[in-house]
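Each chain, letter by letter, is given below.
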Amino acid sequence: MPSGKLHVVPLGGLGEFGMNCMAIRWGDDIIVVDAGLMFPEAELLGVDIVVPDISYLTENRQRVRAIILTHGHEDHIGALPWMLSELKVPVWATEFTLAYVEDKLEEHNLVDDADLNEIRAGERFKIGPFTIHPIQVTHSLVDCVALAIHTPLGVLIHTGDFKVDPTPTDNRLFDLHSFAEYGKEGVLALFQDSTNVERKGYTPSERAVRRKFDEIFARTERRLFISCFSSSIHRIKIAVELAREHGRKVAFIGRSMTSSAEIAEDLGYIEIPDGLLVHPGEMKNFPPEKVCVLISGTQGEPMSAMSRAAVDNHKHAKIERGDTVVLSSRIIPGNEKAIYRMIDHLFRRQAHVIYEDGSFPPVHVSGHASREELKLIINLVRPRYFIPIHGEYRQLKLHAELAAEMRGAIGQVMLIESGDILEFDELGARKIGRVNVGRVCIDSGSRTDVVEDLIIKDRRHLSEDGIVLPIIAINKLTGLVEASPEIVTRGFEPGEDGFIEGAKQLVMETLEVSSDEEKADYGVIKEKIRADLKRYVSKQTQKRPLIMPVILEI
Ligand SMILES: [Zn+2]
Ligand SMILES: [Zn+2]
C-alpha cells in the first residue's frame, strides 16, 4: 500500500440541508464532488441563494483538478456559477446534468469559458491519481450517478442522492450489481445520503404517483393544472402520457418548467407527440376539459406562475370555478406559510386543490432512500468506514446509529460535519482538524453580488426594530438649521407620548453644541446625531432601530 495521506473534506451539506460539496485530496491533487447551494432561511433577509465558503479550494487553487457532479438538483449544482467564477476548473457530469449546468451558466454568461465534460454511468475516467467510476442510481431526477472513486489507498463510494426505485419511468435501473461487486472487492469508505433516514421501510417508486394521477385525470371535469418541481422529470413524463391518454392538450407554463421540459424532450426522457403541445396563449381556444397545464411554483414562491395564477394575475393561467389544481411535491419546511396562502387563494377561486395529505396512492413520493434501502446498500458495499452525508446533524447521527447496529457489515462509523478533515492512511482513518467553512450569501447568483455581512445585519435590524429617520433642513448658504427637525419612523413603535418631541429636542441640542465646521461636514454631523439619538432611543425604548439621519439642503 502506498504511503501517503488521503483527505476527505466536506465543505457543505454535513450538518445542514443543502450546499453539498466535498473535496477529496491525495498529495497535490484535489477533486470536488458536487457544488450545491442552499436556499436561504427567512433570517437572511432578501438574500437569494447561499453557497459554501470555498476558501479551502481557493487557497489550494493550483491543486484543484475537477468538479464532478452526481446529479442536477440545485443543492448539488447551484453554486457552480459562483465556484467557476472563483476557480477555473473542468466540470464532469452526465448528459442531463450538463444540460442543466449549461442552462445555468448561460444565465451568468459563463458557459463559453467553462470546460464541461460528459460522463456516462459505467464508463470510468481518470483525473490525476483518481479513477472515477460513475454508477447509475435512481432518484427523483434522471441521469443521476453515485461515484466509486479509486484512490491509492482504496475505493471510496459516494452515493450522491438516491432511492432504490425498481421501476423508474425511464427504465434506467439502479446498478445494484456494481455496488455488490465493489463490496466483494473491498471498499475503504462509503459516504451515504442521510436525507430520509427517519423514514421506515422503502420509499415508493416514482411510478407510484401514476395511479393517483390517473384517478385525477379520470374524474376531472374542467381544466387540470399540475404543479411539480421542474426537475421532476419522472412526474412530467407521467403527466404528459396521461394527458395524451385522456385526450387533453398539454401546455407548459413558467420559465423553469418550460426549459426543463425542453431539455428532457431533447434528451429523450419525455416524448411529446405532434399536436399534443399547445402554447399557453392557445389554451383559451380549447374546451376546459381538453386542457392540462404543467405549471411551476409548488412552493408558493411569490413570483412563480402558480402563485400568480392563484391570485388571478397570470396572463394565460386562468383558474376558474371547478378547475382542479394538483400540487405534486412536498412542502419544504419554511415554505408552509407561502404554500398555504397560495392554497387558500385557490380555494377562494373555487378550485379543487389536491396536495400531499398522506393518502394513498400518493400525489407525491420522495426521491430519497428510506431505512431499508440504506441498509440494503450498506449490506452490499460492506465498507471498512461508513460516513453519513447529506443531512442535518440529527439525520447524520441517526444514520450513524443505523449503521453502527449493522455489525459485520461495517468496520467503523465516522460521524463528521462540514469543515472536518477526515484523514486516511495505511493505519486507518481519523479526524485531524478543520478547514474554514461557512455560508456565503448571494443576492442574484453572480460573484459580484455577494452580500456583505453588514448589509444582512442592516436588513435584520430593519425587520426587527424598524427605522428612525431624523430629517434636518440646513440652509446651504448660511449653514443655519431651518425649522425644527422632523422625525420619521417606520416599523418602529416609539411607545410613550413625547418620544418624538424628545427626539426632536435632542437633535436640536446636538446641532447647537456642534461647531459651524461640524455642521458643514455632513458626514460628521450625521454621525453625531446618530450616536446621540441611539443613546436616547435605547434608553427610552430598549430598542435598536436603524437610525439614518438625512440632511436636506435648502
Ligand atoms: Zn437530489
Ligand atoms: Zn440533494
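Only a predicted model underlies this, so the values are computations on that prediction, with no experimental measurement involved.

Participant: What is the right way to read a negative patch on the surface from this model?
Facilitator: Together, Glu102, Glu106, Asp112 and Asp113 make up a negatively charged patch on the protein surface. Here Asp113 shows up in the loop between helix H4 (95-107) and strand E7 (116-119).

Participant: Can you help me understand the coordination of the zinc ion (ligand 1) in this one?
Facilitator: Coordination angles at a metal have ideal targets, namely 109.5 degrees for four tetrahedral donors and 90 or 180 degrees for six octahedral donors. Taken together, the protein donors to the zinc ion (ligand 1) comprise His71 (NE2), His73 (ND1), His139 (NE2) and Asp161 (OD), at separations of 2.1 to 2.3 Å. Bound by four donor atoms, the zinc ion (ligand 1) shows angles of 89 to 161 degrees at the metal and therefore irregular coordination geometry. Mapped onto the polypeptide sequence, the residues donating to the zinc ion (ligand 1) form the spacing pattern H-x1-H-x65-H-x21-D. The distance between the zinc ion (ligand 1) and the zinc ion (ligand 2) comes to 3.5 Å, with Asp161 serving as a donor to both metals. Here His139 lies in the loop between strand E9 (130-137) and strand E10 (144-151) and His71 lies in the loop between strand E5 (64-68) and helix H2 (74-77), a separation of 68 residues in the sequence. His139 shares its class with His71; the two are buried.

Participant: How should I be thinking about the nonpolar core in this particular structure?
Facilitator: Within soluble globular proteins, side chains that are nonpolar tend to cluster in buried spots. If you look at the biggest cluster of nonpolar residues, it comprises 97 residues, and the most contacted ones within it are Leu57 and Met83. The element contributing the most residues to this core is helix H7 (residues 233-245), with seven residues. Setting aside residues no more than four positions away along its own chain, Leu57 makes contact with Leu11, Ala23, Ile30, Val32, Val64, Met83 and Leu87. Within the second largest apolar cluster, 33 residues are counted, among which are Val8, Ile31, Val145 and Ile389.

Participant: I'm lost on the coordination of the zinc ion (ligand 2) in this one. Help?
Facilitator: The protein atoms that coordinate the zinc ion (ligand 2) are Asp75 (OD), His76 (NE2) and Asp161 (OD), at distances of 2.0 to 2.2 Å. Sequence positions of the donors to the zinc ion (ligand 2) reduce to the motif D-H-x84-D.

Participant: What's the story with the sheet that holds strand E18 (residues 385-389) in this structure? I'm lost.
Facilitator: Backbone hydrogen bonds hold the strands of a sheet together, and the pairing may be parallel or antiparallel. Across the sheet, which stays open at both edges, the seven strands sit in the order E8-E9-E10-E11-E12-E18-E19 with mixed pairing between neighbours. Unpaired on one side and paired on the other, strand E8 (125-127) and strand E19 (412-413) mark the two borders of the sheet. Sheet topology places E10 next to strand E11 (residues 154-158); five bridges connect them, and they run antiparallel. Paired with Leu147 across the strands is His158, a residue of E11. Together, E9, E10 and E11 form the strand contacts of helix H5 (residues 176-185), whose direction differs from that of E9 by roughly 140 degrees. Where helix H12 (residues 393-404) meets the sheet, its contacts fall on strand E12 (189-193), E18 and E19, and the angle it forms with E18 comes to roughly 150 degrees.

Participant: Looking at this structure, I do not really get the environment of Ile389. What am I missing?
Facilitator: Along the chain, the position of Ile389 falls in strand E18. Owing to a relative accessible area of 0%, Ile389 belongs among the buried residues under this scheme. Remark: the alpha-carbon pair of Ile389 and Pro10, spanning 379 residues in sequence, is separated by 8.8 Å. Here Ile389 is in contact with Leu14, Met22, His158, Phe191, Gln192, Asp193, Ser194 and Leu396, once residues within four sequence places are set aside.

Participant: Would you mind showing me how to read helix H10 (residues 336-348) here?
Facilitator: Think of an α-helix as 3.6 residues a turn; residues three or four steps apart then line up on the same face. Over its 13 residues, H10 extends 18 Å from the first C-alpha to the last, a length consistent with the 18 Å expected when each residue adds 1.5 Å. Tucked inside the fold, the buried residues of H10 contact helix H9 (305-310), strand E16 (324-327) and strand E17 (352-354).

Participant: Is there a simple way to explain the packing of aromatic side chains in this structure?
Facilitator: We describe a pair of aromatic rings using the distance from one ring centre to the other and the angle between the two ring planes. Under the criterion given, the structure shown has nine aromatic pairs. Arranged with centres 5.8 Å apart and planes meeting at 75 degrees, the rings of Tyr385 and Phe424 form a pair that is edge-to-face. Of this pair, Tyr385 sits in strand E18 while Phe424 sits in strand E20 (residues 420-425), and the two are 39 residues apart along the sequence. Note on Phe424: relative accessible area 1%, which makes it buried. Ring geometry for Phe492 against Phe499: centres 5.7 Å apart, planes inclined by 55 degrees, an arrangement best described as tilted.

About the thresholds
- Residues numbered from 1 in each chain as written.
- Chains lettered and ligands numbered in written order.
- Predicted model: local features only at pLDDT ≥ 70, side-chain atom pairs only at ≥ 80, totals over all residues.
- Heavy atoms only, no water.
- Patch = residues over 30% accessible without salt bridge, like charges linked within 9 Å, V, L, I, M, F, W, Y side chains within 5 Å.
- Areas by Shrake-Rupley, 256 points an atom, 1.4 Å probe, with all protein chains shown as cover.
- Salt bridge = Lys/Arg side-chain N within 4 Å of Asp/Glu carboxyl O.
- Lys, Arg positive; Asp, Glu negative; His and termini not counted.
- Charge placed at Lys NZ, Arg CZ, Asp CG, Glu CD.
- Helix = DSSP H or I, 4+ residues; strand = E, 2+ residues; numbered from the N terminus.
- Donors = N, O, S within 2.8 Å, 3.2 Å for Na, K, Ca; no water.
- Tetrahedral: all angles 85-135°; square planar, octahedral: opposite > 155°, others 65-115°.
- Buried < 20%, exposed > 50% of the residue type's maximum accessible area, 1.4 Å probe, protein only.
- Core = buried A, V, L, I, M, F, W, Y, C linked by side-chain atoms within 4.5 Å.
- Contact = heavy atoms within 4.5 Å.
- Pairing = 2+ DSSP bridges.
- Axes fitted to C-alpha atoms, helices over the stretch in contact; angles between N-to-C directions.
- Expected span 1.5 Å × (residues − 1).
- Phe/Tyr/Trp six-rings, centres within 6.5 Å; stacked < 30°, edge-to-face > 60°.

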